[in-house]
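Structure at a glance
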Amino acid sequence: MTFTQQIITIALVVLGTMVTRFLPFAIFSSNRPTPKYIQYLGKVLPAAVFGLLVIYCLRNVSIFTGSHAIPELISILAVVVLHLWKRQMLLSIAGGTICYMLLVQFVF
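Residues numbered from 1 in each chain as written. Predicted model: local features only at pLDDT ≥ 70, side-chain atom pairs only at ≥ 80, totals over all residues. Heavy atoms only, no water.

1. Structural notes on the overall build of the protein chain
Counting secondary structure elements, the protein chain contains four helices and zero strands. Counting from the amino terminus, helix and strand elements in the protein chain follow one another as α-α-α-α. Its C-alpha atoms put the protein chain at 50 × 45 × 25 Å along the principal axes. Out of the 108 residues belonging to the protein chain, those deemed buried represent 11%. (Helix = DSSP H or I, 4+ residues; strand = E, 2+ residues; numbered from the N terminus. Buried < 20%, exposed > 50% of the residue type's maximum accessible area, 1.4 Å probe, protein only.)

Pasting the structure below:
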């Protein structure tokens, strides 16, 4: 990429980020109540994103080759235990990721 193309790319990324951050405040003013479908999406999307993350991470796992999916299963168990214990999604994801990386690097 040339320097001009880099500047244009950075400017478009900044513009896209700003639009996606400020657009909800422009559409949904504080004077009106938030529509029911937006409240519904706020409740169901975090769990849906978490489910998609699990499916994406496990899509190429084979129980018939390699470590037979043992590190993945242990890490899933760690995520479930952390989430039931602390109820913090970021901690659950980070804990499961760290558990998986340690298992893959040092055990399997």
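2. Some remarks on the UniProt feature "transmembrane region" (unreviewed entry) in the protein chain
The UniProt entry lists residues 6-28, 40-56, 62-82 and 89-107 under the feature "transmembrane region" (unreviewed entry), expressed in the numbering used here. In residues 89-107, helix accounts for 100% and strand for 0%; the two terminal C-alpha atoms are 26 Å from one another. (UniProt positions renumbered as here; feature names shortened; annotations may be inferred.)

3. Here's the deal with the layout of surface pockets
Put simply, the largest pocket is a space of about 450 Å³. Residue assignment for the lining of the largest pocket shows that the elements contributing at least two residues are helix H2 (36-58), helix H3 (70-86) and helix H4 (89-107). In terms of residue count, the dominant contributor to the lining of the largest pocket is H3 (seven residues). A per-class count over the lining of the largest pocket returns 12 nonpolar, four polar and one charged. (1 Å grid on protein atoms, 1.4 Å probe; cavity = no way out; pocket = protein on both sides within 12 Å on 5 of 7 lines; lining within 4 Å. Points joined across faces, edges and corners; volume = space filled by probe spheres on them. Nonpolar A, V, L, I, M, F, W, Y, C, P; charged D, E, K, R; others polar.)

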